[in-house]
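The lines below spell out each chain.
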Amino acid sequence: DIHDLKTAALEKAASEDRLHLAVATAGLGIHDYDATTRRSVWTERRYEIVGLSPDQPVGMDVAMEMVHPEDRPRVEAAAQASLDPAGTGEFAEVFR
């Protein structure tokens, strides 16, 4: 019913507002990668953190260049594994 749809939309908007506030307060930059389109989207803060211009196109190649050389093989393997249709799709790696 329409009431449930409106309630869900309001709850989603409130949740997104809280997320934006938390990200801004913590000074975080976000890197979002769509495996279907192979497109990366970065927030302005993410560009600032890594010292790149927002005009510069970014892809996984650019992102991987920023990973410490000793960590790169492991991170690349985890990224590839996250794209495996038989897997969970998760990518959660800690690296320098």
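Let me begin by describing the structure that accompanies this report. (Residues numbered from 1 in each chain as written. Predicted model: local features only at pLDDT ≥ 70, side-chain atom pairs only at ≥ 80, totals over all residues. Heavy atoms only, no water.)

Scanning the chain from N- to C-terminus turns up four helices and two strands. Written out in order from the N terminus, the α and β elements of the chain read α-β-β-α-α-α. Compactness check: the chain gives a C-alpha radius of gyration of 17 Å against a globular reference of 12 Å for 96 residues, more than 25% above the reference. Principal-axis analysis of the C-alpha atoms places the extent of the chain at approximately 55 × 35 × 25 Å. Counting only contacts in the chain whose residues sit at least 6 apart along the sequence, the fraction spanning at least 24 positions is 19%. Working note: accessible area of the chain is about 7500 Å², and carbon and sulfur atoms make up 56% of it. Measuring between centres, the 10 positive side-chain charges of the chain sit 2 Å from its 18 negative side-chain charges. (Helix = DSSP H or I, 4+ residues; strand = E, 2+ residues; numbered from the N terminus. Rg over C-alpha atoms; globule rule 2.2 N^0.38 Å. Contact = heavy atoms within 4.5 Å. Areas by Shrake-Rupley, 256 points an atom, 1.4 Å probe, with all protein chains shown as cover. Lys, Arg positive; Asp, Glu negative; His and termini not counted. Charge placed at Lys NZ, Arg CZ, Asp CG, Glu CD.)

Here strand 2 (residues 39-42) shows one buried face, formed by Ser40 and Trp42, and one open face, formed by Arg39 and Val41. In this structure, strand 1 (residues 31-34) lies alongside strand 2, joined through four bridges in antiparallel fashion. What sits directly across from Asp32, in strand 2, is Val41. As consecutive antiparallel partners, strand 1 and strand 2 are separated by four residues, and within that stretch Arg38 has a phi angle of approximately 60 degrees, a positive value. (Buried < 20%, exposed > 50% of the residue type's maximum accessible area, 1.4 Å probe, protein only. Pairing = 2+ DSSP bridges.)

A full pass over the atoms with the stated rule returns six salt bridges. Across the pair Lys12 and Glu16 runs a salt bridge whose closest N-O atoms are separated by 3.6 Å. Placement of the pair is Lys12 and Glu16 together in helix 1 (residues 2-26), with a separation of four residues, close to one helical turn. The exposure class assigned to Lys12 is exposed, which follows from its relative accessible area of 54%. A salt bridge links Arg96 to Glu70; the nearest nitrogen and oxygen atoms lie 3.5 Å apart. Here Arg96, found in the segment after helix 4 (72-82), pairs with Glu70, found in the loop between helix 3 (60-65) and helix 4; they are 26 residues apart in sequence, far enough to count as distant. Using a relative accessible area of 60% as the deciding quantity, one classes Glu70 as exposed. (Salt bridge = Lys/Arg side-chain N within 4 Å of Asp/Glu carboxyl O.)

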